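What follows is each chain in one-letter form.
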Amino acid sequence: MEVPRLGHSISSPTSPCETMVKNLSLEAIQLCEREGNKSQDSGIAEMEELPVPQNIKIDNITCDSFKICWDMDPKSKERITHYFIDLNKKENKNSNKFKHKMCDWSESPEQWVHCNTFVEWTPFGESKDGNKSQDSGIAEMEELPVPQNIKIDNITCDSFKICWDMDPKSKERITHYFIDLNKKENKNSNKFKHKDVPTKLVAKAVPLPMTVRGHWFLSPRTEYTVAVQTASKQSDGDYAVSEWSEIIEFCTADYSPVHLTQLLEKAEVIAGRMLKFSLFYRNQHKEYFDEARLHQGNKMMPSVKDNSGSHGSPISGKLEGIFFSCNTEFNTGKAPQDSPYGRYRFEVQAEILFNQKTNLYFGDLYCMYTAYHYVILVLAPSGSPGDEFCKQRLPQLNIADNKFLTCTEEDGGRLVFHHAQDVILEVIYTDPIDLSLGTVAEISGHQLRSLSTVNAKKDPSCKICNISVGR
């Protein structure tokens, strides 16, 4: 597939970056080379107590250069390896929003400058005097149609279909489509952390609708903006382009059952041998149980699951339930006495929550930059609202034969329960639970707050618990 030659620029209507198009193909779609290959794995990280530049001074200003310096703590100089400089044109409220939108974020970190160093910057496709360079690969051509009424559907966690209205008379002149795809800006995000470089896609003018797919530039549950140009390749290899279309916003979907099955298979590999247990338990503060007794009819009520675990998990922020643990210490067979969630523990016999009238679902696999992994399971009474929710979204497990949590019946009808030893199970029960079904008592161990998984972010670099569909 042919693309604009190196050194040619495609201006973006939705991002402050200018970038080059390279020849990488995926079906009819091509992805421009960009700095970094993971949208969420930027090489920019936070470090405590790095000094903030103070008293910035700019002088020796010319038409295309300036000198910059600032005050620095001498004690911190040894730890500093780079300076990040954010240079932008001051916005003119009356200017055309998309005309000559420029920023220097396309430069790699090695090209960013040190304090008091002379900087020379010429945007791609533009000479120092602001005129278009002679060899620019993008030219203007009259009456190339601007895509109208853009529609996006068939959205998954790492793909979408896009189409738009076109004048039939102009189709013969159009050879390519240029697609500008960007994450929607989060105004509350750290300005320099995980700076996403915009994705430029080039597609041959195939029949619409067209599928855009790529897990390296599309992440689940993420808001994006997209705009489109039509283009016509000229005899000299350059491109004539239309104006950019209107900007369309959309949000990618959660993991599908197919993706969760991939996570399930990874989790099965590391689950380890099975250990017997007899109790589910839940740790909380004393005030939590007091609230249940006084204001909730002596019941623990389901609440919406937080955002811990995989970014694409379909249960985060949606499924209502009550978290329980069941892991035991291998040497005692009993629940550990330490907990990150509170010094009071509710214990209930396993058969009350887990039996032949309960369905079991796999929810997630994740880690928090540690060697051990967490597996989220869902216990839902058959026919309950939680059960109906999970049937549509999660892989169902055989309660008597799986690698994580089993309930089997022995001779005489007694139920026996086992849990996986080598993963930490987080079990969500989807119905209210009366405190009278178990006991509440204070534990003797410590409250290890550092082990809490509340809103815990998954390690996106772990090869054990990640799949190739975003994070």
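Conventions we followed
- Residue positions are given per chain, counting from 1 as you read along its sequence in written order.
- For a predicted model such as this one, the threshold for reporting local features is a pLDDT of at least 70, and the threshold for listing and counting side-chain atom pairs is 80 or more; totals across whole chains, interfaces and linings nevertheless cover every residue.
- For side-chain calculations, the full set of non-hydrogen atoms in the structure is used, while hydrogens and water are omitted.
- UniProt positions are given in the numbering used here, feature names are shortened, and annotations may be inferred rather than shown by experiment.
- Two strands form a pair only when DSSP identifies at least two bridges running between them.
- Numbering goes from the N terminus for both helices and strands, where a helix is a DSSP run of H or I of at least four residues and a strand is a run of E of at least two.
- Only heavy atoms enter the contact rule, under which two residues are in contact if any of them lie within 4.5 Å.
- Inter-axis angles, ranging from 0 to 180 degrees, are taken between N-to-C directions of lines fitted to C-alpha atoms, where helices are fitted over the stretch in contact.
- For this document, the term salt bridge refers to a Lys or Arg side-chain nitrogen within 4 Å of an Asp or Glu carboxyl oxygen.
- Under the scheme applied here, a residue whose accessible area is under 20% of the maximum for its type counts as buried, over 50% as exposed, and between as partly exposed, the area being computed with a 1.4 Å probe on protein chains only.
- Only buried residues count toward a nonpolar core, which is a set of Ala, Val, Leu, Ile, Met, Phe, Trp, Tyr and Cys residues joined through side-chain atoms within 4.5 Å.
- Planes of paired rings set the category: under 30 degrees apart is stacked, over 60 is edge-to-face and the rest tilted, where pairs are Phe, Tyr or Trp rings (Trp by its six-membered ring) whose centres lie within 6.5 Å.
- For a ring to carry a charge above it, either NZ of a lysine or CZ of an arginine must fall within 6 Å of the ring centroid while also lying within 35 degrees of the normal to the ring plane.
- Given a helix with a known number of residues, its expected span is that number minus one, times 1.5 Å.
- Directions drawn from the helix axis to the C-beta atoms are what define this arc.

With an unreviewed UniProt entry as reference, the protein is termed PHIPL protein, source organism Polyodon spathula. According to the UniProt record, the Sequence similarities (unreviewed entry) comment for the protein is "Belongs to the PHYHIP family." As its UniProt record puts it under Function (unreviewed entry), the protein is described as follows: "May play a role in the development of the central system."

Visitor: A description of the sheet that holds strand β20 (residues 358-366) should follow, citing residues and the corresponding values.
Guide: The mixed open sheet is built from six strands, whose spatial order is β17-β18-β25-β21-β20-β22. Whereas interior strands pair on both sides, the edge strands pair on one side only; in this sheet they are β17 (303-304) and β22 (396-397). Of the pairings in the sheet, the one linking β20 to strand β21 (residues 374-381) comprises eight bridges and is antiparallel in character. Its bridge partner being in β21, Thr358 is matched across the sheet by Pro381. The strands touched by helix α1 (residues 257-270) are β20, β21 and β22; relative to β20, the strand with the most contacts, the crossing angle is about 85°.

Visitor: Provide a residue-level description of the pattern of salt bridges, including the pertinent values.
Guide: The full count for this structure, using the stated rule, is 10 salt bridges. Here Glu442 and Arg343 are joined by a salt bridge, their closest N and O atoms 3.3 Å apart. Of this pair, Glu442 sits in strand β27 (residues 439-442) while Arg343 sits in the loop between β18 (320-324) and β19 (344-349), and the two are 99 residues apart along the sequence. Residue classification places Arg343 among the partly exposed residues on the basis of a relative accessible area of 30%. As a salt-bridge pair, Lys391 and Asp387 come within 3.8 Å of each other at their nearest N and O atoms.

Visitor: Give a description of the nonpolar core that names residues and reports values.
Guide: Ranked by size, the top nonpolar core spans 58 residues in total, and within it Phe280, Phe324, Phe362, Phe404 and Leu405 carry the most contacts. Sort the elements by how many residues they give to this core and β21 lands first, with seven residues. When neighbours within four sequence positions are excluded, Phe362 is seen to be in contact with Leu260, Leu263, Leu264, Ala267, Val375, Ile376, Leu377, Leu394, Pro395, Leu397 and Phe404. In this structure, Leu201, Val212, Tyr224 and Ile248 belong to the second largest nonpolar core, which totals 23 residues.

Visitor: Outline the packing of aromatic side chains, supporting the account with residue identities and numerical values.
Guide: For the structure on display, the rule yields 13 aromatic pairs. Ring geometry for Trp164 and Tyr177: centres 4.8 Å apart, planes at 85°, overall edge-to-face. Here the residue Trp164 occupies a position in strand β7 (residues 159-165), and Tyr177 occupies one in strand β8 (residues 176-183), the gap between them amounting to 13 residues. Look at Trp164 and you get buried, because its relative accessible area is 6%. With a relative accessible area of 7%, Tyr177 lands in the buried category. When the ring of Tyr366 is compared with that of Tyr374, the centres are 5.2 Å apart and the planes differ by 15°; the resulting orientation is stacked. Of the two residues examined, Tyr366 and Tyr374, each falls in the buried class. Three or more aromatic residues joined by ring pairs form one cluster here, namely Phe277, Phe280, Phe354 and Phe417. A cation sits over an aromatic face here: Arg393 above Phe389, 3.9 Å from the ring centre.

Visitor: Which residues make up the sheet that holds β27, and what are the values?
Guide: Strand pairing in a sheet relies on backbone hydrogen bonds, with the paired strands running either antiparallel or parallel. Overall, antiparallel pairing links the three strands, which are arranged β15-β19-β27 in an open sheet. Lying at the two open borders of the sheet, with one neighbouring strand each, are β15 (279-284) and β27. Looking at each pair of strands side by side, their axes are set apart by 25° on average, direction ignored. Here four bridges tie β19 to β27, and the two strands are oriented antiparallel to one another. Paired with Tyr344 across the strands is Glu442, a residue of β27. Running over the sheet, helix α2 (residues 286-295) touches β15, β19 and β27 and is turned about 105° from β15.

Visitor: Please set out α1 residue by residue, giving values where relevant.
Guide: Spanning 14 residues, α1 covers 20 Å between terminal C-alpha atoms, matching the ideal 20 Å at 1.5 Å per step. All of the buried residues along α1 are His259, Leu260, Leu263, Leu264 and Ala267. Viewed end-on, α1 has its buried residues packed into an arc of 145°, placing them on one side of the element. The exposed residues of α1 that point more than 90 degrees off its buried face are Val258 and Val269. Buried residues along α1 sit in contact with β20, β21 and β22.

Visitor: Which residues make up the pairing of strand β4 (residues 67-71), and what values go with them?
Guide: Regular strands have side chains that alternate between both faces of the sheet. Here β4 shows one buried face, formed by Ile68 and Trp70, and one open face, formed by Lys67, Cys69 and Asp71. Direction of pairing for strand β3 (residues 54-59) relative to β4: antiparallel, over a ladder of four bridges. Along β4, the bridge assignment pairs Gln54 with Asp71.

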